[in-house]
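Descriptive analysis of the structure
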Amino acid sequence: MILILAYFIIELLASIKFGITVGFGWSALWVIATSILGGILLRLSPYAIMDSFQSIGFKKFNLKSAQNAAISYVLGAILLIIPGIFSDFLGVFLLFYTLYLRLFAKITPTQKNHKKGDGNVIDVEIIDTSSNSDNSIKR
């Protein structure tokens, strides 16, 4: 409950400061434009989510990264729809995080599947226990 109240206070203060800085008309235009953009992004979200999970097949993402990209995309779009400057800031931040995951965060070499035979090498020492070596020791 306290977090929700803190969010509304931050949202109110950020919206008032933004409205004073750029003016009421531009502030209203900003809220309307980001709401429309959020609606468009939310409408396109099934395609973005499907693309994230298809990236797993191409070895670009692991399952956790695909889930993070999908969740941050949808939450970012929803936060853009909510009127207010702070929610828009959070929405844009989540969309940039999705973009970061799509462009820069790839599977590291430790997460990739090894080629056949690379991970199955066992170091073995062979000791000759034939009868010839036993005779040389007994003499």
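What you see is a predicted model; the values in this text were computed from it and never measured.

1. Here we look at the overall build of the protein
- When its secondary structure is counted, the protein shows 6 helices and 0 strands.
- Listing the helices and strands of the protein from first to last along the sequence gives α-α-α-α-α-α.
- Of all 139 residues assigned to the protein, the portion counted as buried reaches 22%.
- Of the contacts made within the protein by residues no fewer than 6 positions apart, 66% connect residues no fewer than 24 positions apart.
- Accessible surface computed for the protein: about 10,700 Å², of which carbon and sulfur atoms make up 71%.

2. Structural notes on the packing of aromatic side chains
- Within the structure shown, the criterion is met by 3 aromatic pairs.
- Between phenylalanine 18 and tryptophan 30, the aromatic rings sit 5.9 Å apart at their centres with planes inclined by 55°, giving tilted as the arrangement. Of this pair, phenylalanine 18 sits in helix H1 (residues 2–22) while tryptophan 30 sits in helix H2 (residues 24–43), and the two are 12 residues apart along the sequence.
- Since its relative accessible area comes to 23%, phenylalanine 18 is described here as partly exposed.
- Taken together, Tyr7, Phe8 and Phe86 form an aromatic cluster joined through their ring pairs.

3. Section: the side chain of threonine 98
- Tracing the chain through its elements places threonine 98 in helix H5 (residues 85–103).
- On the accessibility criterion, threonine 98 (8% relative accessible area) is buried.
- Among the polar contacts listed, one links the side chain of threonine 98 to the backbone nitrogen of tyrosine 73, at a separation of 3.3 Å.
- Residue contacts for threonine 98: discarding those within four places in its chain leaves Ala69, Ser72 and Tyr73.

4. A few points about H2
- Helix length check: H2 (20 residues) gives 29 Å between terminal C-alpha atoms against 28 Å at 1.5 Å per residue, within 8%.
- Those residues of H2 that fall on the buried side of the exposure criterion are Ser27, Thr34, Gly38 and Leu41. The buried residues of H2 all sit within an arc of 65° when viewed along its axis, so they share a single face. In H2, the exposed residues that point more than 90 degrees away from the buried face are Gly25, Ile36 and Arg43.
- Taken together, the buried residues of H2 touch H1, helix H3 (45–57), helix H4 (63–81) and H5.

What counts, and where the lines are drawn
Residues numbered from 1 in each chain as written. Predicted model: local features only at pLDDT ≥ 70, side-chain atom pairs only at ≥ 80, totals over all residues. Heavy atoms only, no water. Helix = DSSP H or I, 4+ residues; strand = E, 2+ residues; numbered from the N terminus. Buried < 20%, exposed > 50% of the residue type's maximum accessible area, 1.4 Å probe, protein only. Contact = heavy atoms within 4.5 Å. Areas by Shrake-Rupley, 256 points an atom, 1.4 Å probe, with all protein chains shown as cover. Phe/Tyr/Trp six-rings, centres within 6.5 Å; stacked < 30°, edge-to-face > 60°. Polar contact = N/O pair within 3.5 Å; in protein donor to acceptor, adjacent residues only side chain to side chain. Expected span 1.5 Å × (residues − 1). Arc of directions from axis to C-beta.

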